[in-house]
Every structure is written in C-alpha cells, then in structure tokens.
Amino acid sequence: MSETLEQDPAVPAKLDRRRFLTWVIASPTLMVAARLGLDVPSAEAAPQSQTHSETALSLSIAIQDNGRVIATLPRTEMGQGITTAVAMLVAEELDLPLEHVEVRSANADSRYLIQLTGLSSTMRYLAGPLRAAAADARARLVTAAALRWKVLAFPLTTAGGEVLAPDGRKAGYGELAVEAARVLLPLVSTQPKDPSEYTLVGQPTGRIDARDIVTGAARYALDLDLPDALPTVVARPPTLRGTVQSLDDTAARAMPGVVGVVRLESGVAVVAQNFAQAFAARDALNITWRPGPASPLSDGDIRTKLRDAIGPKPLPPLFTARTLEGRFDFPYLAHAPMETQSCVAHVRGNQADIWLGAQDPKFAQREVAKALGWVLAPHQVSVHVLRAGGGFGRRFFNEAAVEAALVSRAVGKPVKLMWSRNDDMRHGRFRPASHHRILAHVGPGGGLLGWNHRAAIPTVEFPHGFGDAVTALVGELLPDVTSAVFFTLTQHLPYRFGLVTQELREVSIPVPTASFRSVFTSQVGVANEVFIDQVARELRVDPVELRRSRLSSSRLKAVLDKVVAEGHWGRALPPGVAQGVAVLEEWNSAIAHLVEVDVTGTEPRVLRVVIAADVGLPINPKGIEAQLQGAAVDAMSTTLSAGIHIDAGAVREGSFADYHWLRMKHVPADIQVHLVRSDDRVGGVGELGYPSAAAALTNALARATGTMPTHFPILDKGV
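This one's a predicted model, so the numbers in the text were calculated from it and none came from an experiment.

Rules used in this analysis
Residues numbered from 1 in each chain as written. Predicted model: local features only at pLDDT ≥ 70, side-chain atom pairs only at ≥ 80, totals over all residues. Heavy atoms only, no water. Helix = DSSP H or I, 4+ residues; strand = E, 2+ residues; numbered from the N terminus. Buried < 20%, exposed > 50% of the residue type's maximum accessible area, 1.4 Å probe, protein only. Contact = heavy atoms within 4.5 Å. Areas by Shrake-Rupley, 256 points an atom, 1.4 Å probe, with all protein chains shown as cover. Pairing = 2+ DSSP bridges. Axes fitted to C-alpha atoms, helices over the stretch in contact; angles between N-to-C directions. Arc of directions from axis to C-beta. Polar contact = N/O pair within 3.5 Å; in protein donor to acceptor, adjacent residues only side chain to side chain. Core = buried A, V, L, I, M, F, W, Y, C linked by side-chain atoms within 4.5 Å. Phe/Tyr/Trp six-rings, centres within 6.5 Å; stacked < 30°, edge-to-face > 60°. Lys NZ or Arg CZ within 6 Å of the ring centre and 35° of its normal. Patch = residues over 30% accessible without salt bridge, like charges linked within 9 Å, V, L, I, M, F, W, Y side chains within 5 Å. Salt bridge = Lys/Arg side-chain N within 4 Å of Asp/Glu carboxyl O. Expected span 1.5 Å × (residues − 1).

Regarding the overall build of the protein chain
1) Next: The number of helices and strands found in the protein chain is 17 helices and 30 strands.
2) Next: Evaluated residue by residue, the protein chain yields a buried proportion of 59% over its 719 residues.
3) Next: Here the analysis covers contacts within the protein chain between residues at least 6 apart in sequence; of these, 77% occur between residues at least 24 apart.
4) Next: Carbon and sulfur atoms make up 55% of the accessible area of the protein chain, which totals about 27,900 Å².

Here is the structure:
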C-alpha cells in the first residue's frame, strides 16, 4: 500500500532532459545511448550516429528486428531485482509488453562512466538516462512510421510494441528499427512521460527472471559451459593471508584425474577433471604454512585496540548539566552471499577472458591484468559479467578471478575455479569490527546541547574506488584517506541535537575488509538510533516523541508516523513483549522500522516487523518489498546471532553451521512494508533497509529486558 505526501518543492516532478544526452549509435538497427550530464545539449540537439567507440555513455537501448528491446547497462544483477525495474522503465516509455524487454550487464568497458554495482546507485543514477533513451527511441520509431506512411507524426500513437495510425495502419517496432536509426530529427517530443501517466511503473510486478531462478535456468559463473574448462580448487592457509613455506604435492599429483598443481600467493591450486577429484587431491597436499600478519591477534586483542583508539572525552558544550555515555561493540561480519566466489578464466598468449559476477568489472580487469604482468595493457583482459548470487560489497574484490587467470596460464587450459563455503567464510573480506563511544550532553532543562560520536574502526578498503579510475587510484594509494572521506560524506545525524560531531578513528588491523550493507551506517547509524532510545529513557520521554521533536527531515517524520500508526505504537502488550522503533535517511530515501519482540523464551523471538519507506518513485513496489524484507532478516541475524570471531589470526566460523544466520523458522510471518511517496526522485533501496531494522530490534530488546544491549551479536557467547 502506498500513499503520497505533499511534494517537496525542491524536487522537480518532471525529468529535466537537459541533464541527459541521448544519441543514436551507428548500428544496423536502432540503438540509442544515453548518459547523465550537468551541462549537455538536449536530445534534439545531440549529434547523430556517433561511432560506438568514441563517446562515454551510461547505458544503451537497442531495438531488434524481431521487436525485442535489449537494454545494456553497466550494472550487475545480484538478486536485487534491477533487471525487472529496468525492464519496467523501458517498457513504460516505449509502450511495450514487459516480456519484450531483455536486460543485459555490460562487459568491462572503459566507455562506461561508472561501472559499479553498489551504494544503492543503480536506479538512482540510471533511471533518468533509461527514461530519456527509451523516450528518444519511441520518438524515432514514430517518426519513421510517419515518414513511411507520409502522414503527420503527432497523431500517431504507440501501444503493444507497435506504432498506430488513426486510419488503422500499424507497424511493429522491429520492422521500423532500421528506418528509425536513420531519423535525423524526431518529429514528436522526445520528452519522457510524466509519472502521472505511468501504467506499469509503480505497479507491483513479479521478477522477469523468477522462473529462471526457481527452475535453475539462471546462469552463474560455474554454470558456464566453456569447452575443456577444468575444475579447480585452492588449498588455503589456516590463518588470514598466510603463505606457503613448503609444499610436497607428490601424492596429490598421482591421484586420478589430477591435471596440475599450481602454487599461488594465496595458496596451492589443484586442477582436475572434476571437482570431486580436485577436492580429494587438495586434501592430499602436504603443505607447511607461514602464519599471516594477523596471527598475533584474537578477538580480545582487537577489541582492546579499538577501545584504546577512542581517546579522551572532548569538553562538553557550555551549560551542560550532565553527560550521558553509551559504548557499543560490533563484530566482524562475513558477507556470506549464497553463491561463493567463483570464476571461469581462459588465458591464451597475451589475451585473457574472464567470466564472473563482479560488482566492479573494470577493477576486476585491472586486477587480473596486474597479476598477469599486463598492468599497462588492461585491455588485454576481457571481463564478461554474469549474474551473481548475492554481493553485499564482497564482489567488489576479485581474488577468484586473479587465481583463475594465473592457474589458466600455468596449465595452458581454461579453468573453472570455485571457492568452497569454507574458503569464502575464512579467507574472504569482512565488514570490520568497531567500537563506539557516544556522548549526549544534556542542558539544565533537559534539552540536548550536543552529541559526540567517536567510532574506532579498522580502515575499510576501497581500492576499487567508486566505479572510475580516479577514485580507484586514490583508494589504492591512500586507503586511510579514502575511508575517512567516505565516512565524512555519508555519516549524518538527522536530529537537532545542538553541537553534533561524528568522528572516525581508523585503526590498523591486518584483517582484510570490504564495505558491507550501508557501509559505516551499519554500525554508526545503528549505535546512534539505539542510544537515542537510551537518552529518551534517561529523560523520561517517549522515544517516538523525542524523535518527532528533534527530527530535521519531513520525510523521516512521515515514515516514523507511518510505522507508529500501522504498528500501533504504545499498545498494551503482554509482559516480556515490547516494541522498538528507529529511522534512517540515506541514499535519497527515508525509512522507519517498528519491531516487536518476545523475550519470554530461552532466546528472543521477533514477532512482527513494520516498515515504512519513502524511496521517491517506487518503480516496482514488489521488488522494494522483497529488498526491505531481506535486509530486515540480515539485520535480525547480525543483531542476534551472526558474527565472525578471530582466533590467533584465523577465522573461527567456516560455514552457516557456526555463522548463525537466522533460518526461515526465525523469520516472523508478519513483515509489513508500507511505501510513503513524497516526490518522484528515485531513491536507493539496497543499502537502506539494514541499519534501522537492527536498531529497532535492539531498542525493542532494551524495552523488553530493561537493559540496553551494547555488544553485538547479542546472543554471542564469546569464546
């Protein structure tokens, strides 16, 4: 269910076409490209038929001669549902059945301005160019029909993938595509539809790839049927980033099916005729390992380092009557996507082909080229982007691609390299652990005069940058600076709490890191929202009323009011059952959660989750609902039971047997998602749903037990 708020006057309802450049790419059929630009000419003034290789672009749309439309975009489908949302936008602007649209991920290509899937950027940045390109294509198809029939263009209409004339004539898009590609100046408007005209966008729609996913037809890297590709696995050290000291592979090489054994920086690869043979031979290797750089560290050492980095308290603001303090510890987290890291590679001479699901294919291209000694010629590596089974930040890194390329070159054959679940859990990258100190300075009348949040967090690594070469270079050369800048740009407290400061204290700990859902907000934002409830208890005010009185965003107030109404905040509940709320505004979206929890059993049980989100234009409400439900389950898992432990430089958890992600039996049957729409901007969803869900659950537990949780996961029993 969705409802519309009064529109923010600062946000235009109509798409400003001057922000997008569209043009026809030289092609046998109609292919329209588009890109975002702050100072570009209108589509009507754009140069025609530019060559395919000279112009940076955001995406392209091609009309095939069979009438099908192919949208190619520099993003990767990882289960988040972007292919359906993109297809809906294209079908809407072209008046086309949804099933006539196919969405493909572009291979690594320097022409794409930003080729990165993450930071909730796909629909935020591509919805405008998609609408512009599709509207341009429609105008050219209509013009082509008018020229063919020698009639005025403006009375012509489009429906069902055809151009229709008032006299009953009609022509399919496929048969007009070649003529449309030759249109120099469209004779009808290339302006995209006003959202009020939408008939498909905004309607709950099932995924266009749902059947393929549930029937196994969807293709992932290991499904690639590359002739002669040899199954490959890697023996890895017991500690993070340990290395091989000595190797005896005599027994392994003598085993059936074994093709080769290749020593790598990360371990020892075994290539065989099938995976069973490869695993068996891997286990027969006799390896002595050097410990990795984190081997002197265990959880307690890391927590001490983080706490020590917090430093002394700053002076409180003038007239402070008392200062409230909260401390929070968050664990390392594994991303644990359902599809483990995997890659198919074929290296021949000075050319390499790589197939994988990557969140940043251009970074994968550079990394593989660097490993092969082609750092100045990354174009010698072709990265073919495939569907990925989850990412959450983990697939910004491409260790499997580097390993596969090196092994392929060593054995002279294409290889199909797979990380086991144990590899993925114990040798991947992690959302870093953190320690937080929050100080709330209270004035004589109970008003908040200041808020100081200091977070000690190991440096989050961004060598991939943010989809372009410049930020990647900075991210690789200055990791601390990049992490600090990202923290500053993304961490905001949406409350009028007087003097607000949020500081990052980076700590050098040799455990590999990567961004996780919501990046820093998965810790900073959660801690803030939990401590606000504690402040409300200290001030003896209702936490919802405290938020309402101090929120600086009308969008946040609206979603908070929505969950309060739909969740019946404050209703009488049995002993041991309580509610918690939390809010978040990020990625051009706003969200509130209300969680109900029961603590009367041996372990807490989530009874109900009520979510209200303002993501602007909800392209596919059903997809948004699925994303927010999934994020809520992730938040419940990491708040209650899932966390990574480090023992003398080794990761303790090796699979979902001990990395305690919640099971379906733990998920409440009642997870409501309400969409509150304030305007037609397109906000992000993928990162949005995690932090406030985790905070609302924690707040519910605090109200149910009378004690604010400060150590996560809450059910962690430690050593």
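Having seen the structure, we can now continue with the description.
As for the sheet that holds strand β19 (residues 381-385)
1) Next: Spatial ordering of the open sheet is given by β12-β13-β10-β20-β17-β18-β19, a layout of seven strands whose pairing is mixed. Whereas interior strands pair on both sides, the edge strands pair on one side only; in this sheet they are β12 (258-263) and β19. Each strand axis lies, on average, 25 degrees off the axis of its neighbour in the sheet, ignoring direction.
2) Next: Across four bridges, the pairing between strand β10 (residues 230-235) and strand β13 (residues 268-272) is antiparallel. When the bridges of β13 are listed, Val233 appears paired with Val270.
3) Next: Here helix α6 (residues 275-284) sits on the sheet in contact with β10, β12, β13 and β20 (415-418), set at roughly 25 degrees to β10.

Here we look at helix α14 (residues 543-550)
1) Next: Considered for burial, the residues of α14 that qualify are Pro543, Val544, Leu546 and Arg547. Angularly, the buried residues of α14 cover 160 degrees about the axis, an arc narrow enough to put them on a single face.
2) Next: Contact partners of the buried residues in α14: α13 (524-539), α15 (554-566), β25 (577-586) and α17 (691-705).
3) Next: N-capping of α14 is provided by Asp542, with a side-chain oxygen placed 2.8 Å from the backbone N of Val544.

Section: the side chain of Ser641
1) Next: Here Ser641 lies in the loop between α16 (621-640) and β28 (646-647).
2) Next: On the basis of relative accessible area, Ser641 is assigned to the buried category, the value being 18%.
3) Next: For Ser641, the side chain forms a polar contact with the main-chain oxygen of His660, separated by 2.6 Å.
4) Next: Ignoring sequence-local partners within four residues, the contact set of Ser641 consists of Met636, His660, Leu662 and Pro713.

A look at the nonpolar core
1) Next: In this structure, Phe328, Tyr332, Trp451, Phe531, Val535, Ile644 and Tyr659 are the most contacted members of the largest nonpolar core, which totals 95 residues.
2) Next: Among residues more than four places away in sequence, those in contact with Ile644 are Asp299, Pro331, Tyr332, Leu333, Ala334, Met425, Phe430, Val651, Glu653 and Tyr659.
3) Next: Ranked by size, the runner-up nonpolar core spans 53 residues in total, among them Leu30, Ala85, Val90 and Val101.

What about the packing of aromatic side chains?
1) Next: Scanning the entire structure with this criterion turns up 14 aromatic pairs.
2) Next: When the ring of Phe330 is compared with that of Phe712, the centres are 4.9 Å apart and the planes differ by 15 degrees; the resulting orientation is stacked. Separated by 382 residues along the polypeptide, Phe330 in strand β15 (residues 322-330) and Phe712 in the segment after α17 bring together distant segments of the chain. Comparing Phe330 with Phe712 shows no difference in burial state: the two are buried.
3) Next: Pairwise contacts between aromatic rings join Phe328, Trp451, Tyr495, Phe497 and Phe531 into one cluster.
4) Next: Positioned over the ring face of Tyr112 is Arg111, at 5.9 Å from the centre of the ring.
5) Next: Lying over the aromatic face of Trp419, Arg236 brings its terminal NZ or CZ to 4.0 Å of the ring centre.

Observations regarding a nonpolar patch on the surface
1) Next: A surface patch of nonpolar side chains, about 750 Å² in accessible area, is lined by Val470, Leu473, Val474, Leu477, Leu478, Val481, Val485 and Leu489.
2) Next: Those elements that place two or more of their residues in the nonpolar patch are α11 (469-477) and α12 (479-490).
3) Next: Examining the composition of the nonpolar patch, we find that four residues originate from one element, α11, more than from any other.
4) Next: Inspection of the secondary structure assignment puts Leu477 in helix α11.
5) Next: By relative accessible area, which is 60% here, Leu477 ends up exposed.

A few points about the pairing of β25
1) Next: The element β25 is largely enclosed, with a buried count of nine among its ten residues.
2) Next: Here β25 runs beside strand β26 (residues 589-598); their pairing, made up of ten bridges, is antiparallel. Residue pairing across strands places Glu586 opposite Ser589, the latter belonging to β26.
3) Next: In sequence, β25 turns back onto β26 through a hairpin of two residues, with Trp587 there showing a positive phi of about 55 degrees.

Some points on unusual backbone geometry
1) Next: Omega for the bond connecting Phe712 with Pro713 falls within 30 degrees of zero, at 0 degrees, which places this linkage in the cis form.
2) Next: Its identity as a non-glycine residue notwithstanding, Arg540 has a phi of 60 degrees, on the positive side.
3) Next: Counting through the fold element by element, Arg540 comes out in the loop between α13 and α14.
4) Next: The exposure class assigned to Arg540 is exposed, which follows from its relative accessible area of 79%.
5) Next: Phi at His568 is positive, roughly 55 degrees, even though this residue is not glycine.
6) Next: The residue His568 is located in the loop between α15 and β25 in this model.
7) Next: The class for His568 is partly exposed, based on a relative accessible area of 47%.

Some remarks on the sheet that holds strand β7 (residues 157-159)
1) Next: Read from one edge to the other, the open sheet built from three strands follows the order β7-β8-β9, with strand pairing classed as antiparallel. One side of each edge strand has no neighbouring strand; the edge strands of this open sheet are β7 and β9 (170-172). Across the sheet, the mean angle from the axis of one strand to that of its neighbour is 25 degrees, orientation sign disregarded.
2) Next: Relative to strand β8 (residues 162-164), β7 runs antiparallel, the two being bridged by three bridges. Residue Ala159 lies in a different strand from β8, and its bridge partner there is Glu162.

Remarks on α16
1) Next: With 20 residues, α16 should reach 28 Å at 1.5 Å per residue; the first-to-last C-alpha distance of 28 Å fits that figure.
2) Next: The element α16 is largely enclosed, with a buried count of 14 among its 20 residues.

Quick notes on the pairing of β12
1) Next: Relative to β13, β12 is paired through five bridges, and the arrangement is antiparallel. What sits directly across from Gly260, in β13, is Val271.
2) Next: Between β12 and β13, which pair antiparallel one after the other, the connecting turn spans four residues.

Quick word on the pattern of salt bridges
1) Next: Following the criterion strictly, the structure yields 45 salt bridges and no others.
2) Next: Here Arg207 makes a salt bridge to Asp209, at a shortest N to O gap of 2.8 Å.
3) Next: Relative accessible area serves as the criterion here: at 28%, Arg207 is assigned to the partly exposed category.
4) Next: Of the charged contacts, one joins Arg454 and Glu503 as a salt bridge, the two residues approaching to 3.3 Å between their closest N and O atoms. A residue pair is termed long-range when its members are at least 10 positions apart, and Arg454 in strand β23 (residues 448-458) and Glu503 in strand β24 (residues 499-507) qualify at 49 residues.
5) Next: According to the relative accessible area criterion, Glu503 is partly exposed, its value standing at 24%.
6) Next: Overlapping salt bridges, with partners in common, bring together Glu77, Arg207, Asp209 and Arg387 in one network.

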